[in-house]
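What follows is each chain in one-letter form.
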Amino acid sequence: MRKIAGAAVLTAVEMRAAEAGAFDRGDDAVAMMQRAGHACAAAVGRLSAGAEVLVLCGPGNNGGDGYVIAASLAAAGQPVRVAALGAPNTDTAVQARTGWHRPVEALGEAFPAPVLVDALFGIGISCPLDDTVVAALSRLGEAARLTIAVDLPSGVDSDSGARLGCPAPVDLTLALGALKPAHLLQPAAALCGTVRLLDIGVDASATAQVIGPPTLPEPGPQSHKFNRGMVAVVRGRMAGAAELCATAAMHAGAGYVALLGASMPGAPHALVRRRLDDEALADRRIAALVVGPGLGRDDDMRALVERALASEHALVIDGDALHLVTPEQLRTRGGQIILTPHAGEFEALFGRSDGSKLDRARAAANASGATVVFKGPDTVIAAPDGRTRLAPAANNWLSTAGSGDVLAGAIASCLAAGLDPLAAAAAGVWLHGEAARRCGAAFIADDLARALTQARAALT
Ligand SMILES: NC(=O)C1=CN([C@@H]2O[C@H](COP(=O)(O)OP(=O)(O)OC[C@H]3O[C@@H](n4cnc5c(N)ncnc54)[C@H](OP(=O)(O)O)[C@@H]3O)[C@@H](O)[C@H]2O)[C@@H](O)CC1
Ligand SMILES: [K+]
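Residues numbered from 1 in each chain as written. Chains lettered and ligands numbered in written order. Predicted model: local features only at pLDDT ≥ 70, side-chain atom pairs only at ≥ 80, totals over all residues. Heavy atoms only, no water.

**Focus on the site of ligand 1**
- Taken together, 22 residues lie near ligand 1, and Asn62, Asp65, Gly122, Cys127 and Asp151 sit nearest.
- Gly122 is positioned such that a nitrogen or oxygen atom in its backbone is 2.6 Å from an oxygen atom of ligand 1.
- Gly124 is positioned such that a nitrogen or oxygen atom in its backbone is 3.0 Å from an oxygen atom of ligand 1.
- Protein coverage of the free-state accessible area of ligand 1, which is 940 Å², stands at 78%.
- Listing elements by their share of the shell around ligand 1, those giving two or more residues are α1 (12-24), α2 (29-48) and α3 (61-75).
- The residue makeup of the shell around ligand 1, split by class, is 11 nonpolar, 7 polar and 4 charged. (Near = heavy atom within 4 Å. Polar contact = N/O pair within 3.5 Å; in protein donor to acceptor, adjacent residues only side chain to side chain. Areas by Shrake-Rupley, 256 points an atom, 1.4 Å probe, with all protein chains shown as cover. Helix = DSSP H or I, 4+ residues; strand = E, 2+ residues; numbered from the N terminus. Nonpolar A, V, L, I, M, F, W, Y, C, P; charged D, E, K, R; others polar.)

Next up, the structure:
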């Protein structure tokens, strides 16, 4: 059982292809299900500390895992019962059922136990849960003191994270072989509780990965303020947003940060205020230029965004500037561009769609040629070449004014340090999440920007 940082994230189709690859190399489905079930049983056995376990088994292979778990726990002397929703209907699950030699209760009549294992549905759920299943799951879940889902909480769509019916939240989800998008995308992610990954012998490489602690360049004897990475932030109509962004860039490790368009000195004193003119914009030392935080959306600001696009700098485009550009314009411009839209900004730039957040981020990166950080409680980062990173659950107190400005600054700092756009975006998201974790609760964006120093220090 391991933590999920850096783990591959596979869609249902990719997961089945990975399983098929293992079978082509001589593995077989029964052996794989035994490994999955025994790995789950070991975790359930440790966490239940001898308390009675009720395993709920569905008709497919998720249910097959459940029968293996129950048989394994029984063989270890643990009190365990099984309740099922119908008979198994795959060869592998039928085989697994033969290993369980005790009675099987009907799901609707099952008596609760202190530990509930949900092996009703995994990646194969194809339609919303029936109301009677929802009622049984919530009745048994509420009576248990520990609830554990096998692969996924039953009733979530593996690829999109959408609810299928009214699934119940669990305390722990044991992801089998690889993470699935639903472990990271809302609303499903919030139902998963803690997510841990179990190895089942599948080679789960993928273009999508969970963000983990980044590797960032450390200053050395040759370092000076400019080669550490210079960030410039364009100040717009609301000065505070650009100041927060610039402050965040400094605390995330940039060697030199300039606020373009500000003349009044003030704290932080390390922040350089410069006029916003052609000379300042053309400064070849700028390694990342941020435009958008607190910008405004009038014609003057549109012209300013066009001047930023006309520069040769690597760009982070955030906030209002996302309303003043088009995907075609970005694609034509080329160069390194990172976009950091929240849901509203994303829709303004790329339009509405019923697709999953993962698919929408990938399509947006493809359309714009930029790296897209589709931020929110389930941030997805997509590069134009298809590589994708998903953020693990972060501190919900991040839903505060200025949080996005801080994120743009953190990402710009990592971009200026020389990381490629995907790595810079992922590193910025990680630093932002780690700073929020360290802040605890009820923090404001100013605290968050300062806490980036401790988040950055945690990596050294
Ligand atoms: N290959 C392997 O050996 C390995 C597989 N592994 C495990 O297998 C899981 C995937 O198994 P799976 O593909 O059988 O799908 P699963 O999630 O059990 O559900 C499908 C069944 O549910 C039914 N059904 C669907 N929706 C329904 C609804 N709303 N209400 C009622 N019924 C509904 C559906 O019926 P159908 O749609 O076909 O009519 C079908 O019978 C995966 O998550 C992992 O746990 C791992 O152990 C690794 C090794
Ligand atoms: K399940």
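**Looking at the pairing of strand β5 (residues 146-150)**
- Of all 5 residues in β5, 5 are buried, a share of seventy percent or more.
- Here β5 shows two buried faces, one formed by Leu146, Ile148 and Val150 and the other by Thr147 and Ala149.
- When strand β4 (residues 115-119) meets β5, the two strands line up parallel, connected through 4 bridges. Each residue of the ladder has a partner; that of Val115, found in β5, is Leu146.
- Chirality of the crossover, the property in question, places the unit of β4, helix α5 (residues 131-143) and β5 among those that are right-handed. (Buried < 20%, exposed > 50% of the residue type's maximum accessible area, 1.4 Å probe, protein only. Pairing = 2+ DSSP bridges. Right-handed = clockwise from strand over helix to strand, strands pointing away.)

**Structural notes on the coordination of the potassium ion (ligand 2)**
- Only Asn62 (OD1), Asp118 (O), Phe121 (O), Val150 (O) and Leu152 (O) from the protein reach the potassium ion (ligand 2) as donors, at distances of 2.5 to 3.0 Å.
- With relative accessibility at 0%, the residue Leu152 sits in the buried group. (Donors = N, O, S within 2.8 Å, 3.2 Å for Na, K, Ca; no water.)

**What to know about the packing of aromatic side chains**
- Scanning the entire structure with this criterion turns up 3 aromatic pairs.
- Relative to Phe374, the ring of Phe346 has its centre 4.0 Å away and its plane inclined at 5°; by these criteria the two rings are stacked. With Phe346 in helix α11 (residues 343-350) and Phe374 in strand β15 (residues 371-374), the pair connects residues that are 28 residues apart, well separated along the chain. An identical accessibility class is assigned to Phe346 and Phe374; each is buried.
- Site record: aromatic cluster; members linked through ring pairs are Phe346, Phe350 and Phe374.
- The ring of Phe374 has Lys357 sitting right over it, with the charged end atom 4.5 Å from the ring centre. (Phe/Tyr/Trp six-rings, centres within 6.5 Å; stacked < 30°, edge-to-face > 60°. Lys NZ or Arg CZ within 6 Å of the ring centre and 35° of its normal.)

**A closer look at the domain arrangement of the protein chain**
- Its domain assignment divides the protein chain into domain 1 (12-210) and domain 2 (230-457).
- For domain 1 and domain 2, the distance between their C-alpha centres works out to 39 Å.
- Contact residues are listed per partner, giving 10 residues for domain 1 and 14 residues for domain 2.
- Carbon and sulfur atoms supply 61% of the area that domain 1 and domain 2 bury against each other, a total of about 990 Å² over both sides.
- Summed over the shared surface of domain 1 and domain 2, the result is 6 residue pairs in polar contact (both at pLDDT 80 or more). (Domains from an automatic or database assignment. Contact = heavy atoms within 4.5 Å. Buried area = accessible area lost by both parts, 1.4 Å probe.)

**Quick notes on the pattern of salt bridges**
- One pass over the full model with this rule turns up 20 salt bridges.
- The residue Arg275 makes a salt bridge to Asp277 at a minimum N-O spacing of 3.8 Å.
- For Arg275, a relative accessible area of 67% puts it in the exposed group.
- One network of salt bridges, in which partners are shared, links Glu52, Arg81 and Glu105. (Salt bridge = Lys/Arg side-chain N within 4 Å of Asp/Glu carboxyl O.)

**Concerning α3**
- Between its terminal C-alpha atoms α3 stretches 21 Å, which fits the 21 Å expected from 15 residues at 1.5 Å a residue.
- Within α3, 12 of the 15 residues are buried, leaving the element largely enclosed by the surrounding structure.
- Positive backbone phi, at 90°, marks Gly77, one or two positions downstream of α3. (Expected span 1.5 Å × (residues − 1).)

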